[in-house]
Amino acid sequence: MRRRRLHAAVAAAAWIVSFESPLVGQTAGTVDIGASVVEYDGFLVSGAAVVSPALRFDAENLSLGAQGSWTLFESGNQIVQATVAGAWLTPPRGGWRVEFSGSAGAAKYADERGYGHVLARTRLHMSGERAGGWVGATTGGSFGDSSQVPFELAVGGWTVQDRLTLVGTLSATWLGTDGHVDLLGAARWAGERVEVEGRAGMRPWAESGEGVGEARVGAWADLSALVSLTDRIKLALSGGAYPSDPVRQVLGATYVTVGLRFDIFRRQVSPVPTITGAMARAARERAVTESSSRARLEIGPWGDPRALLVHVAGARSVELMGDFTDWQPLGLAQTGPDTWEIRVSLTPGAHRVNIRVDGGRWLAPRGTRLEQTEFGGPVGVVVIP
């Protein structure tokens, strides 16, 4: 029994720094390197170092992700963990959508037998422009320490107001003869260089035996933040407490983590925070209905490199990025009172481009066709003959 609980404790360290970080998911490829101090339920304080790579693809109706982690404890013990997940949303019908999703995870501790889980979930979403809700069910199975079949029912709601997202959920979970009820609230704010999310919850009822991740009545809260140091490096900070998760064989704990996130590659820069697929869709719809940038883009009729002119009144700085810059921001030079210019090579065909004025939000410039990106933000499309 103690060995199984140790397995869960080791897996939880990777869960803290990587998989359950609420700020993961806005980049296509990242590597996290961090250190954590953790006190698990029933265990002494322990330190751990974690390296965690992650990949994610987001389209309008489809999200796919994979993540792994290598965790080294101060005792010298280590664990390797991997998780894959995917979700698909049906096209909207009067604001209603159905989501089908699944995840699979596995972990291997030292020379012990591996263990893991496979889960499938279905949710019915009702979404408006700035708010919505869902009801769903989850089931699956596990291998290794437990062979019981989990079942979960959950309802939730969310709202998006400018840069702030609020979420609330109520879930009831059963694993064999054990069960518990959780209430959870989350708030997320995304600025230009800082993203912060706080979570608070309580477990008012639990009936549990002595298995892995024993569910207990109680309350918890944690806070996480990402601070951009450069275009490719972020400082990751988090701390607080989280509850046990018997389904995924995770013990409850209190913790503090510090680390760095490195963006290895990006498909697009996302100005929109997402916590659930439904919220991402609502944010996309809201972003497209917003007015585009006050800047107007003009493309020179000839030349290679071709002149790109941005006309905007009263600007102190103008930046441009697009698929032809590998989504790396480029500064423009002021060539007139309200005119800024840069020369870039453009191949014939359709190109995506965004403009940022005075360090503000990335927006689609006037003079382009407004579309949605895979990550939820507005982007301008131009066609080069």
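Residues numbered from 1 in each chain as written. Predicted model: local features only at pLDDT ≥ 70, side-chain atom pairs only at ≥ 80, totals over all residues. Heavy atoms only, no water.

Got a sec to walk through the nonpolar core? Specific residues and values, please.
Residues Val310, Val312 and Val318 are the most contacted members of the largest nonpolar core, which totals 18 residues. Taken together, the elements giving at least two residues each to this core come down to strand E16 (306-311), strand E17 (318-322), strand E20 (339-344), strand E21 (349-357) and strand E23 (378-384). With residues up to four places along the chain from it excluded, the contact list for Val310 reads Ala295, Arg296, Leu297, Val318, Leu332, Asp338, Thr339, Trp340 and Ile355. In terms of nonpolar packing, the next biggest core, distinct from the first, is built from 10 residues, Val38, Tyr40, Phe43 and Phe73 among them. (Core = buried A, V, L, I, M, F, W, Y, C linked by side-chain atoms within 4.5 Å. Buried < 20%, exposed > 50% of the residue type's maximum accessible area, 1.4 Å probe, protein only. Helix = DSSP H or I, 4+ residues; strand = E, 2+ residues; numbered from the N terminus. Contact = heavy atoms within 4.5 Å.)

How would you sum up the pattern of salt bridges? Please name residues and give values.
Counting across every chain of the model gives nine salt bridges. A salt bridge links Glu99 to Arg123; its shortest N-O distance comes to 3.2 Å. Placement of Glu99 in strand E5 (residues 96-109) and of Arg123 in strand E6 (residues 115-127) is noted, with a sequence separation of 24 residues between them. According to the relative accessible area criterion, Glu99 is buried, its value standing at 5%. (Salt bridge = Lys/Arg side-chain N within 4 Å of Asp/Glu carboxyl O.)

Can you explain the environment of Asp222? Please cite residues and give values.
Position of Asp222 among the secondary structure elements: in strand E12 (residues 218-228). Along the primary structure Asp222 and Glu197 are separated by 25 residues, whereas in three dimensions their C-alpha atoms are 8.5 Å apart. A polar contact is formed between the side chain of Asp222 and the side chain of Arg199, at a distance of 2.7 Å. A polar contact is formed between the side chain of Asp222 and the side chain of Tyr255, at a distance of 3.1 Å. (Polar contact = N/O pair within 3.5 Å; in protein donor to acceptor, adjacent residues only side chain to side chain.)

Can you break down the pairing of E17 residue by residue, with the values?
In terms of residue burial, E17 counts as a mostly covered element, since four of its five residues are buried. Taken together, the five bridges between E17 and E21 define a ladder with antiparallel strand orientation. Looking at E21, one finds that Gly322 is bridged to Val353. Note: E17 against strand E18 (residues 330-331), two bridges, orientation antiparallel. Following the sheet pairing, Glu319 is matched in E18 by Gly331. (Pairing = 2+ DSSP bridges.)

How would you explain the side chain of Thr138 if you had to name every residue and give the values?
Looking at the element boundaries, Thr138 is found in strand E7 (residues 131-143). A residue is classified by how much of its surface remains accessible, and Thr138, at 13% relative accessible area, is buried. Each residue touching Thr138, except ones within four places of it in the same chain, is listed here: Leu119, Ala120, Arg121, Pro150, Phe151 and Glu152.

An account of the sheet that holds E20 is requested, with residue identities and associated values reported.
One open sheet holds the four strands; their spatial order is E15-E16-E20-E19, and the pairing between them is antiparallel. Of all the strands in the sheet, just strand E15 (296-299) and strand E19 (333-336) have a single pairing partner and so form its edges. With direction set aside, neighbouring strand axes in the sheet form an average angle of 35 degrees. As defined by bridge partners, E19 adjoins E20 across three bridges and the pair is classed as antiparallel. Within E20, the residue paired with Gln334 across the bridge is Trp340. (Axes fitted to C-alpha atoms, helices over the stretch in contact; angles between N-to-C directions.)

I'd like a rundown of a nonpolar patch on the surface, residues and numbers included.
Together, Trp96, Leu124, Met126, Val135, Val155, Leu170, Leu183 and Met202 make up a nonpolar patch on the protein surface, roughly 650 Å² of accessible area in all. Relative to the helices and strands, Trp96 is located in strand E5. The exposure class of Trp96 is partly exposed, given its relative accessible area of 45%. (Patch = residues over 30% accessible without salt bridge, like charges linked within 9 Å, V, L, I, M, F, W, Y side chains within 5 Å. Areas by Shrake-Rupley, 256 points an atom, 1.4 Å probe, with all protein chains shown as cover.)

Any chance you could break down the packing of aromatic side chains for me, citing the residues and the numbers?
The final tally for this structure, using the stated rule, is three aromatic pairs. Here Tyr242 and Tyr255 contribute two aromatic rings whose centre-to-centre distance is 5.8 Å and whose plane-to-plane angle is 55 degrees, an arrangement assigned as tilted. With Tyr242 in strand E13 (residues 233-242) and Tyr255 in strand E14 (residues 253-265), this residue pair connects regions lying 13 residues apart in the sequence. Considered together, Tyr242 and Tyr255 belong to a single accessibility category, that of buried residues. The residue whose ring lies beneath Arg123 is Trp134, and the NZ or CZ to ring-centre distance is 4.7 Å. (Phe/Tyr/Trp six-rings, centres within 6.5 Å; stacked < 30°, edge-to-face > 60°. Lys NZ or Arg CZ within 6 Å of the ring centre and 35° of its normal.)

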